[in-house]
Amino acid sequence: MKTLVYGAGVLGSYLAHVLVQGGNDVTVLARGVRAEELERDGLVIRHYFQRKTTTDKVKVISTLLPEESYDLIFVVMKFNDFPAVLPVLAENASSNIVLVGNNPEAHSMQKYLDEHSRRKKNIAFGFQLSGGRREKDRMICIRGGGQMVLGALDGQIPYQDILQKTFEHAKYKLTILEDIDAWLKSHIIPIVPLNFATVGAGDDFKKLAKNKQTLMQIVVAMDEGFRVLETLGYTVTPASLVKWIRKYPRLVHLFLKLYHRLPVAKMIDGSVHEVVALNDVFNRWKQQAQVSAPNWDRLVIHKDAE
Ligand SMILES: NC(=O)c1ccc[n+]([C@@H]2O[C@H](COP(=O)([O-])OP(=O)(O)OC[C@H]3O[C@@H](n4cnc5c(N)ncnc54)[C@H](OP(=O)(O)O)[C@@H]3O)[C@@H](O)[C@H]2O)c1
């Protein structure tokens with residue numbers, strides 16, 4: 001399949017690698033230094049657990065022209081980066097698009113594309129359960145579950161056959177969810193307090209692991225966040241996460257303590273700009289729900305304090 005990965009950061013690079021391994025015709029859209037690296041060295045990935053480095057040849061473009069058509073486009077970037085790309089997608093001739101990454105505002109992005117696209121778009125939203133970070137001119141990637149959860153907002157993804165063919169020979173699992181919007185909205189609830197707490201600890205994971213008060217505050221903040229979602233009528237997904245937080249907060253705290261002591265915790269990359277953007281969405285939900293979240297609010301690092 002002729003595929004484009006739009007966004008050549010950590011997870012986009014890993015996805016491009018998976019697609020090449022699966023025998024697809026893969027193009028990567030990258031900009032600046034990253035585009036130069038990809039053209040010069042190929043797609044170099046250090047696989048963290050497998051302790052191996054792979055180099056794949058991919059086509060590299062820096063601009064998506066309106067007439068360039070792909071069977072499938074994956075846009076893999078931070079939540080705050082999506083808005084700049086939506087007009088480019090709207091102008092482009094391709095129909096089948098998956099927006100991959102944190103995204104509590106899937107409906108408004110779909111609305112934008114529905115209203116502004118030159119031809120009908122079939123949009124799905126996804127989240128890749130992998131991780132990693134950049135290191136000089138390569139990406140260090142953690143395969144994680146080696147899978148993507150995805151779904152459409154209005155029923156079935158109309159191009160499931162294309163997705164199936166694309167991943168047929170790839171070692172990668174696609175999990176299609178009935179309510180991807182609920183999944184994506186729920187996902188920001190643990191992510192925002194955890195990332196703010198990490199920034200607050202100066203990215204020192206061991207320091208955070210020792211700070212019982214902050215770890216317990218994260219657990220309570222998650223509970224507050226889920227209450228806001230529930231008040232607005234969203235289905236919290238997965239339900240088991242909320243159950244654990246409410247029934248066994250001390251165990252969740254212990255899990256966080258252990259997790260932050262693991263070397264792998266440092267490899268999961270967070271971005272303050274994305275977390276601030278996600279928190280802005282949460283603040284709107286909070287106001288709409290008229291539910292307070294004092295522990296959540298105390299963890300927030302304000303932009304000016306960076
Ligand atoms: N990395 C992880 O450990 C991890 C784990 C779980 C979930 N996630 C989530 O997965 C999503 C993607 O994360 P990531 O780590 O892959 O992000 P990333 O490394 O920042 O990659 C995003 C890429 O998109 C590019 N980009 C942004 N705007 C663009 C534009 N207008 N035109 C062209 N390229 C553009 C960026 O280019 P520049 O480099 O030029 O800025 C960057 O290469 C995020 O929602 C993140 O929170 C990440």
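For the structure, see preceding data.
A brief look at the structure comes next. Worth saying up front: this structure is predicted, and the values here are computed from it rather than measured.

1. Some details on the overall build of the chain
In step 1: A tally of regular secondary structure across the chain gives twelve helices and twelve strands.
In step 2: A compact globule built from 306 residues would reach a C-alpha radius of gyration of about 19 Å, and the chain, at 19 Å, matches this within 12%.
In step 3: In terms of overall dimensions, the chain has a C-alpha envelope of 50 × 45 × 35 Å along the principal axes.
In step 4: Across the chain, every contact between residues at least 6 apart in sequence was considered, and the portion connecting residues at least 24 apart equals 74%.
In step 5: Summing over all exposed atoms, the chain offers an accessible surface of approximately 14,900 Å²; the carbon and sulfur share of this is 51%.
In step 6: Distance between charge centres in the chain, computed from 40 positive and 33 negative side chains, equals 9 Å.

2. Digging into the packing of aromatic side chains
In step 1: This model, assessed by the stated rule, comprises nine aromatic pairs.
In step 2: Look at F255 and Y259: their rings are 6.3 Å apart centre to centre, the planes differ by 20 degrees, and that puts the pair in the stacked class. Of this pair, F255 and Y259 are both found in helix α10 (residues 249-261), four residues apart, which corresponds to roughly one turn of the helix.
In step 3: For Y259, a relative accessible area of 25% puts it in the partly exposed group.
In step 4: Seen from their ring centres, F282 and W285 are 6.4 Å apart, and the 75 degrees between their planes marks the pair as edge-to-face. On the criterion of helical spacing, the pair formed by F282 and W285 is a turn pair, its members being three residues apart in helix α11 (residues 272-289). The burial state of F282 is the same as that of W285; both residues are buried.
In step 5: Through a chain of ring-to-ring contacts, three or more aromatic side chains come together here, namely Y234, F282, W285 and W296.
In step 6: One residue, K2, lies across the ring of Y70, its end atom 4.8 Å from the ring centre.
In step 7: Across from the ring centre of Y234, 5.0 Å away, lies the NZ or CZ of K185, which sits over that ring.

3. Side note on the site of the ligand
In step 1: Near the ligand lie 23 residues; those nearest to it are L11, R31, K78, N102 and E274.
In step 2: Contacts to the ligand include N102, whose side-chain N or O atom sits 2.9 Å from an oxygen atom.
In step 3: Separating an oxygen atom of the ligand from a backbone N or O atom of G132 is a distance of 3.0 Å.
In step 4: For the ligand, whose accessible area on its own is 890 Å², the fraction buried by protein is 85%.
In step 5: Secondary structure elements with two or more residues in the shell around the ligand: α1 (10-21) and β9 (131-135).
In step 6: Examining the composition of the shell around the ligand, we find that three residues originate from one element, β9, more than from any other.
In step 7: Per-class residue counts for the shell around the ligand are ten nonpolar, seven polar and six charged.

4. Some details on the sheet that holds strand β2 (residues 25-29)
In step 1: In space, the eight strands of this open sheet follow the order β5-β2-β1-β6-β7-β8-β11-β12, with mixed pairing throughout. Two strands lie at the open edges of the sheet, namely β5 (59-61) and β12 (173-176), each paired on one side alone. Mean inter-strand twist for the sheet, computed between neighbouring axes without regard to direction, equals 25 degrees.

5. Quick look at helix α5 (residues 160-167)
In step 1: What α5 keeps buried is the set I162, L163, T166 and F167. End-on, the buried residues of α5 take up no more than an arc of 120 degrees, which puts them together on one face.
In step 2: Where α5 is buried, its residues touch β1 (2-6), α1, β6 (72-76), β7 (96-100), β11 (147-151) and β12.

6. Digging into unusual backbone geometry
In step 1: Residue T237 is joined to P238 through a cis peptide bond whose omega torsion reads -5 degrees.
In step 2: The backbone of R51 sits at a positive phi, close to 50 degrees, despite the residue not being glycine.
In step 3: Topologically, R51 is positioned in the loop between β3 (43-47) and β4 (52-56).
In step 4: Note on R51: relative accessible area 68%, which makes it exposed.
In step 5: Even without a glycine there, the phi angle at D203 is positive, about 60 degrees.
In step 6: Of note, D203 is situated in the loop between α6 (180-200) and α7 (205-210).
In step 7: By relative accessible area, D203 is classed as exposed at 54%.

7. A look at the packing of helix α8 (residues 212-231) against α11
In step 1: Contact geometry for α8 and α11: axes closest at 9 Å, N-to-C directions at 60 degrees. Considered as vectors, α8 and α11 are oriented oblique to each other. Crossing handedness for the pair α8 and α11: left-handed. Contacts between α8 and α11 pair G225, V228, L229 and T231 from the former with F282, W285, K286 and A289 from the latter.

Conventions we followed
- Residues numbered from 1 in each chain as written.
- Predicted model: local features only at pLDDT ≥ 70, side-chain atom pairs only at ≥ 80, totals over all residues.
- Heavy atoms only, no water.
- Helix = DSSP H or I, 4+ residues; strand = E, 2+ residues; numbered from the N terminus.
- Rg over C-alpha atoms; globule rule 2.2 N^0.38 Å.
- Contact = heavy atoms within 4.5 Å.
- Areas by Shrake-Rupley, 256 points an atom, 1.4 Å probe, with all protein chains shown as cover.
- Lys, Arg positive; Asp, Glu negative; His and termini not counted.
- Charge placed at Lys NZ, Arg CZ, Asp CG, Glu CD.
- Phe/Tyr/Trp six-rings, centres within 6.5 Å; stacked < 30°, edge-to-face > 60°.
- Buried < 20%, exposed > 50% of the residue type's maximum accessible area, 1.4 Å probe, protein only.
- Lys NZ or Arg CZ within 6 Å of the ring centre and 35° of its normal.
- Near = heavy atom within 4 Å.
- Polar contact = N/O pair within 3.5 Å; in protein donor to acceptor, adjacent residues only side chain to side chain.
- Nonpolar A, V, L, I, M, F, W, Y, C, P; charged D, E, K, R; others polar.
- Pairing = 2+ DSSP bridges.
- Axes fitted to C-alpha atoms, helices over the stretch in contact; angles between N-to-C directions.
- Arc of directions from axis to C-beta.
- Parallel < 35°, antiparallel > 145°, perpendicular 65-115°, else oblique.
- Left-handed = near helix turned anticlockwise from the far one by under 90°.

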